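Survey of secondary and tertiary structure
One-letter residues, chain by chain:
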Amino acid sequence: MKKCTLCPRRCAADRTKGPGACGSGARLRIARAALHYGEEPCISGSEGSGTVFFSGCSLRCVFCQNRALSQEQFGEEISVRRLAEIFRELEEQGANNINLVTPTHYAAQIAEALYIYRPGIPVLYNCGGYESVETLRALEGLVDVWLPDIKYADPELARRFSGAEDYPERAFQAVEEMLRQCGIPKLNGRGMMERGVMIRHLVLPLHLKNTFAVLDGIAERFGTESWISLMFQYTPLWKLPEYPELNRGLTRRERERAEAYLEQRGFRNGYVQEPDSRGTAFIPDFDLSGVRQAARKH
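Just so we're clear, the structure is a prediction, and the values are computed from it rather than from any experiment.

Quick notes on the rules
Residues numbered from 1 in each chain as written. Predicted model: local features only at pLDDT ≥ 70, side-chain atom pairs only at ≥ 80, totals over all residues. Heavy atoms only, no water. Helix = DSSP H or I, 4+ residues; strand = E, 2+ residues; numbered from the N terminus. Rg over C-alpha atoms; globule rule 2.2 N^0.38 Å. Buried < 20%, exposed > 50% of the residue type's maximum accessible area, 1.4 Å probe, protein only. Contact = heavy atoms within 4.5 Å. Areas by Shrake-Rupley, 256 points an atom, 1.4 Å probe, with all protein chains shown as cover. Lys, Arg positive; Asp, Glu negative; His and termini not counted. Charge placed at Lys NZ, Arg CZ, Asp CG, Glu CD. UniProt positions renumbered as here; feature names shortened; annotations may be inferred. Phe/Tyr/Trp six-rings, centres within 6.5 Å; stacked < 30°, edge-to-face > 60°. Lys NZ or Arg CZ within 6 Å of the ring centre and 35° of its normal. Expected span 1.5 Å × (residues − 1). Salt bridge = Lys/Arg side-chain N within 4 Å of Asp/Glu carboxyl O. Pairing = 2+ DSSP bridges. Right-handed = clockwise from strand over helix to strand, strands pointing away. 1 Å grid on protein atoms, 1.4 Å probe; cavity = no way out; pocket = protein on both sides within 12 Å on 5 of 7 lines; lining within 4 Å. Points joined across faces, edges and corners; volume = space filled by probe spheres on them. Nonpolar A, V, L, I, M, F, W, Y, C, P; charged D, E, K, R; others polar.

Right, let's get into the overall build of the chain. Assigned secondary structure in the chain consists of 9 helices and 10 strands. Rg of the C-alpha trace for the chain: 18 Å, near the compact-globule value of 19 Å for 298 residues, within the 12% margin. In terms of overall dimensions, the chain has a C-alpha envelope of 60 × 45 × 35 Å along the principal axes. Sorting the 298 residues of the chain into buried and exposed places 56% on the buried side. A fraction of 71% describes how many contacts in the chain between residues 6 or more apart in sequence connect residues 24 or more apart. As displayed, the chain has an accessible area near 13,200 Å², and 48% of this comes from carbon and sulfur atoms. Charge-centre separation for the chain: the mean point of 39 positive side chains lies 3 Å from the mean point of 38 negative side chains.

Attention now goes to the UniProt feature "binding site: [4Fe-4S] cluster" (unreviewed entry) in the chain. Residues annotated in UniProt with the feature "binding site: [4Fe-4S] cluster" (unreviewed entry) correspond here to Cys57, Cys61 and Cys64. With respect to the secondary-structure elements, cysteine 61 resides in the loop between β2 (49-54) and α2 (67-70). Aside from chain neighbours lying at most four places away, what touches cysteine 61 is Gln71, Lys151, Tyr152, Phe161 and Ser162. With respect to the helices and strands, the residue cysteine 64 is situated in the loop between β2 and α2. Classification of cysteine 64 as buried rests on a relative accessible area of 19%.

On to the environment of isoleucine 78. Mapped onto the elements, isoleucine 78 comes out in the loop between β3 (76-77) and α3 (80-92). Given a relative accessible area of 5%, isoleucine 78 falls into the buried group. Put simply, isoleucine 78 and leucine 90 are 12 residues apart on the chain and 16 Å apart in space, counted from C-alpha to C-alpha. When sequence neighbours within four positions are dropped, the list of residues in contact with isoleucine 78 reads Arg27, Leu28, Ile30, Leu83, Ile86 and Val291.

Each aromatic ring pair is summarised here by two numbers: the centre-to-centre distance and the angle between the ring planes. Within the structure shown, the criterion is met by 10 aromatic pairs. Between tyrosine 152 and tyrosine 167, the ring centres sit 5.3 Å apart and the planes meet at 80 degrees, which makes this aromatic pair edge-to-face. Residue tyrosine 152 is located in the loop between β6 (145-148) and α6 (155-162), and its partner tyrosine 167 is located in helix α7 (residues 167-182); the two are separated by 15 residues in the primary sequence. Both residues of the pair, tyrosine 152 and tyrosine 167, count as buried. A centroid spacing of 5.7 Å and a plane angle of 70 degrees characterise the contact between phenylalanine 161 and tyrosine 243, whose relative ring orientation is edge-to-face. Residue phenylalanine 161 is found in helix α6, and its partner tyrosine 243 is found in the loop between β9 (227-231) and α9 (252-264); the two are separated by 82 residues along the sequence. By relative accessible area, tyrosine 243 is classed as buried at 15%. Three or more aromatic residues joined by ring pairs make a cluster, and in this case those are Phe63, Phe161, Tyr234 and Tyr243. Of note, arginine 67 hangs over the ring of tryptophan 238, and the distance from its end group to the ring centre comes to 4.6 Å.

Glancing now at helix α8 (residues 208-222). An ideal rise of 1.5 Å per residue puts 21 Å on 15 residues; α8 measures up with 21 Å between its terminal C-alpha atoms. Looking at α8, one finds that the buried residues are Leu208, Asn210, Thr211, Phe212, Val214, Leu215, Asp216, Gly217, Ile218, Ala219 and Phe222. In this fold, the buried residues of α8 make contact with α6, α7, β8 (193-202), β9 and α9. A positive backbone phi angle near 95 degrees is found at glycine 223, which sits one or two residues after α8.

Under the defined criterion, the tally for this structure stands at 23 salt bridges. Across the pair glutamate 77 and arginine 27 runs a salt bridge, and its minimum N-O distance is 3.4 Å. Placement of glutamate 77 in strand β3 and of arginine 27 in the segment before β1 (29-36) is noted, with a sequence separation of 50 residues between them. We classify glutamate 77 as partly exposed; its relative accessible area is 42%. Taking the shortest distance from any N to any O, the salt bridge between arginine 190 and glutamate 47 comes out at 3.5 Å. Taken together, the positions of arginine 190 in the loop between β7 (186-187) and β8 and glutamate 47 in the loop between α1 (41-44) and β2 put the pair 143 residues apart, joining distant regions of the chain. On the basis of relative accessible area, glutamate 47 is assigned to the partly exposed category, the value being 31%.

This brings us to the pairing of β9. Here β9 lies mainly inside the structure; 5 of its 5 residues are buried. As paired elements, β8 and β9 share 5 bridges and run parallel to each other. Paired with histidine 201 across the bridge in β9 is leucine 230. Pairing geometry for β9 and strand β10 (residues 269-272), over 4 bridges, is parallel. Bridge pairing in β10 links isoleucine 228 to glycine 270. For the handedness criterion, the β-α-β arrangement of β9, α9 and β10 is classed as right-handed.

The rolling of a water-molecule-sized probe over the atoms marks out the regions of remaining empty space. Inspection of every chain in the model, using the stated rule, returns 1 cavity of 30 Å³ or more. For the largest cavity, the calculated volume is near 60 Å³. Forming the boundary of the largest cavity are Cys4, Thr5, Leu6, Cys7, Arg10, Cys11, Arg15, Ala21, Cys22 and His105. Taken together, the residues of the lining of the largest cavity sort by class into 6 nonpolar, 2 polar and 2 charged.

Structure representation (structure tokens):
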């Protein structure tokens, strides 16, 4: 934390004294820790995914649906030991897994918490894809399931929308390392994912060429047996005058063309999101649920 290089920005900030490029200091900050039902069926199931939403982010996506967390730092500070307790509490609630959302800038603290308490259910690393291979290697053996985005194949689009021109290179390198560690998904008898990598891609309006290029890159680099989650949930939650194409949702034709290209490339594993997935249904209330320690009865 005194010279942070956890993410590809390698800002070298002393996070014990102030925030790094991620906007976060050295102390853990989370906004919600609760069962979540909005993930893919093999992640949420009927019991829910034990999801921990971390504040801050190393990306600066102008369309981020969790903006209050990623850019405005909403949340409450907790200790590493409290995070380990949260893992146990979610497991006791019947969660299918521990789902760490936007965890990269807290990778060191998360590793420490997992050494304090390792759940008997899979640990998921749910990230934006902008990852350092060195950090991923340091987590080897602690993460069972990787859920990375590959948002962009176009560096200019990555620069414009997320302030990270090197995103495509970093994301593909990261997924390669994740696959080395955990391989393609393995499901248990209930259809829940126990190990492996599933790549998510959010289709953006007027940028189908980017979607096609992302799918091309995955097919050529990792093969069409890769698991893909093609997402249609993009929703403009506020006006973006500098990015006029992002001020509307996807059209039916855009969804159909994206799905057709997925099939054309030969991908058969994974999920295609329902057309009616727009809106705020997949965004939970960031109300500090599960963050504070409950009073224990004597």
